[in-house]
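In case you want the letters, here they are:
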Amino acid sequence: MAPFLTAGLGLKPRHYAEARDCPAAGLWFEVHPENYLVDGGPRLRWLAAIRERHPVSLHGVALSLAADAPPDAAHLVALRRLADRIEPTLVSEHLAWSTWRGAYHPDLLPFPRTNEALARISSNVSAAQEALGRRIAVENPSHYLRIDGHEWEEIDFLSELAHRTGCGLLLDVNNVFVSAANLGFDAADYIDAFPAAPVMEIHLAGHSRDPALGERLLVDSHDAPVSEAVWSLYGRLVSRIGPRPTLIERDDNVPEFAELLAERDRAHALLSAPMARAA
Amino acid sequence: MRTLSAAPLAQFQDAFSRALFEEPAQAGAAVAALVAQPAFAVYRNTVAKGCIDALQANFPAVARLVGEDWFRAAAAVYVADERPAVPSLLAYGESFPQFLRAFPPAAELPYLAGVAQLDRFWTAAHVAADASALEHSAFARFDPDMLGEAMLHPHPAARWAWFDEGPVFTIWSRNREECADEGDIDWRAEGALITRPEEAVRWTSVDAAGCRFLDACAQGQPIAQALDAALGVDPDANLVRLVSGLLAAGAFAQLTLPSRNEP
């Protein structure tokens, strides 16, 4: 039987050797596949070497599922090739868009959650799942703007997307916290209302303030440890839906591997406790 | 539930994408209410920072030469006109060397575009397909009389260029990695070969005849013709040393005869 995934870490090139050699139970690693869509070279070799010892998840940022266009066919082929090579334990993407009319915007951009958008995104998710030959998980993004014209609440939109396409969901607890602060809703209510069954993965990350843009604005900056408020929401979530593979994301101010591992050990302990109870 | 104010998705995305790079006052109707919110700057900043960070990562020798502030200011000008076309940001900045060549503030640094081109070569070599480098012993398998007709195929990671404008390779190699060599630079034209025969990217200087020889090989010319081309650039070139130097640098992946298909 495959080892049960508990808590994982975003893989950073400067941590390759430590990541490969780390014996922590339940450990897995996540990468942005866009950084590995190359013909050859040391990056791919490192990823393959780490994959030999640990489960690896591909967390895409560029499929642009919420764009009003089908996912780029060449990009899907390249993703499939990487997935065939790495045999990822999970593949995920975002409820957002980034590529539009031939330009890639390195961000996860918002859109009005309309019926039109739901139909388009459902079709895009199905196309991606078909091309990749597997179920993908779709992540709730961070929000900063009040957008007029939403016809769906985000949770209903994601539930319906999962219902229509069979996709899973990736619940990013930090994104919920950031969005709740920026748009003025209750993060705990959102966490409590999120459908449990489709959740394939959970993300945790740190955020920061940007006082230049507003007194209370929070930015999903992935440049700090997970905040205590997010840990608390995470505990609340896991005690309701049970353990799910959980990733600590860190993209800026990246500390030593040992420090990231200590943070992931906290999630591991939390996930292991209810699992032990269930066993 | 509201439906009237919702802009169709494509219209929304056209306007949003433009607004990321335009003055707020120019924002289209579909996104004017969003651009007016201070938080719209989060998207603007993230997209700009993502592009500029990628350029800084892809052109470290340029950034080291001109300093981070100058580099990021120049990169911001480039980003405004050239957004990434593909999500793999390793590929971003294909035209950055040409941009620097025409960028007025860089006019006093005639070597800067060449340095950028070598940074680009480094990335190309880093991510190129894996292949074993051809060794000298490969020549032993061929009838010496046939060698002139044989073709040398550059390694998939090999990139080379000749720089008439000055010692671009020396300047690049001193700035690509922390380098204590502060000695005087001999101001003369130079060529460079960057490749990855094994795990790590390697580089070496190449003379004009060597660059011409590599060009000819890349065009599929047989060795005899490629050597003639090299002599055309430098009639005094030592051809044995030229070929063995390139082989030692890992410039080639295959040696084939024209009658044979590639193995």
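Quick caveat, the model's predicted, so the values are computed rather than measured.

Overall, the prediction assigns chain B a mean pLDDT of 92, with 95% of residues at 70 or greater. A low-confidence stretch, residues 1–6 of chain B (pLDDT under 50), is modelled with 11 contacts involving residues beyond four sequence positions or located in other chains.

What follows concerns the nonpolar core. Ranked by internal contacts, the top residues of the largest apolar core, which has 101 residues, are L11, W97, F111, I121 and V138 of chain A together with F16 and V31 of chain B. Here this core gets 7 residues from one element, more than from any other, and that element is helix 8 (residues 228–241) of chain A. Counting residues in hydrophobic clusters, the runner-up holds 38 residues, among them I52, F59, Y78 and A125 of chain B.

Position of A48 of chain B among the secondary structure elements: in helix 3 (residues 40–58). On a C-alpha basis, the gap between A48 of chain B and A75 of chain B in space is 9.5 Å, while along the polypeptide they are 27 residues apart.

In this section: the packing of helix 4 (residues 115–132) of chain A against helix 5 (residues 154–165) of chain A. All names here are of chain A. Between helix 4 and helix 5, the least distance of the axes is 10 Å, while the angle of their chain directions is 45 degrees. It follows from the interaxial angle that helix 4 and helix 5 lie oblique. Relative to helix 5, helix 4 is oriented so that their crossing is right-handed. Along the contact surface, helix 4 presents A117, L118, A119, I121, S122, V125, S126 and Q129, while helix 5 presents F157, E160, L161, R164 and T165. Taken together, the residues that form the contact of helix 4 with helix 5 break down as 7 nonpolar, 4 polar and 2 charged.

All names here are of chain A. Within the chain, R101 stands out as a residue other than glycine whose phi angle is a positive 50 degrees. The phi torsion at H222 lies on the positive side, around 50 degrees, for a residue other than glycine. As for its placement among the helices and strands, H222 is situated in the loop between strand 11 (218–219) and helix 8. Given a relative accessible area of 9%, H222 falls into the buried group.

Rules used throughout
- Residues numbered from 1 in each chain as written.
- Chains lettered and ligands numbered in written order.
- Predicted model: local features only at pLDDT ≥ 70, side-chain atom pairs only at ≥ 80, totals over all residues.
- Heavy atoms only, no water.
- pLDDT = per-residue confidence, 0-100.
- Contact = heavy atoms within 4.5 Å.
- Core = buried A, V, L, I, M, F, W, Y, C linked by side-chain atoms within 4.5 Å.
- Buried < 20%, exposed > 50% of the residue type's maximum accessible area, 1.4 Å probe, protein only.
- Helix = DSSP H or I, 4+ residues; strand = E, 2+ residues; numbered from the N terminus.
- Axes fitted to C-alpha atoms, helices over the stretch in contact; angles between N-to-C directions.
- Parallel < 35°, antiparallel > 145°, perpendicular 65-115°, else oblique.
- Left-handed = near helix turned anticlockwise from the far one by under 90°.
- Nonpolar A, V, L, I, M, F, W, Y, C, P; charged D, E, K, R; others polar.

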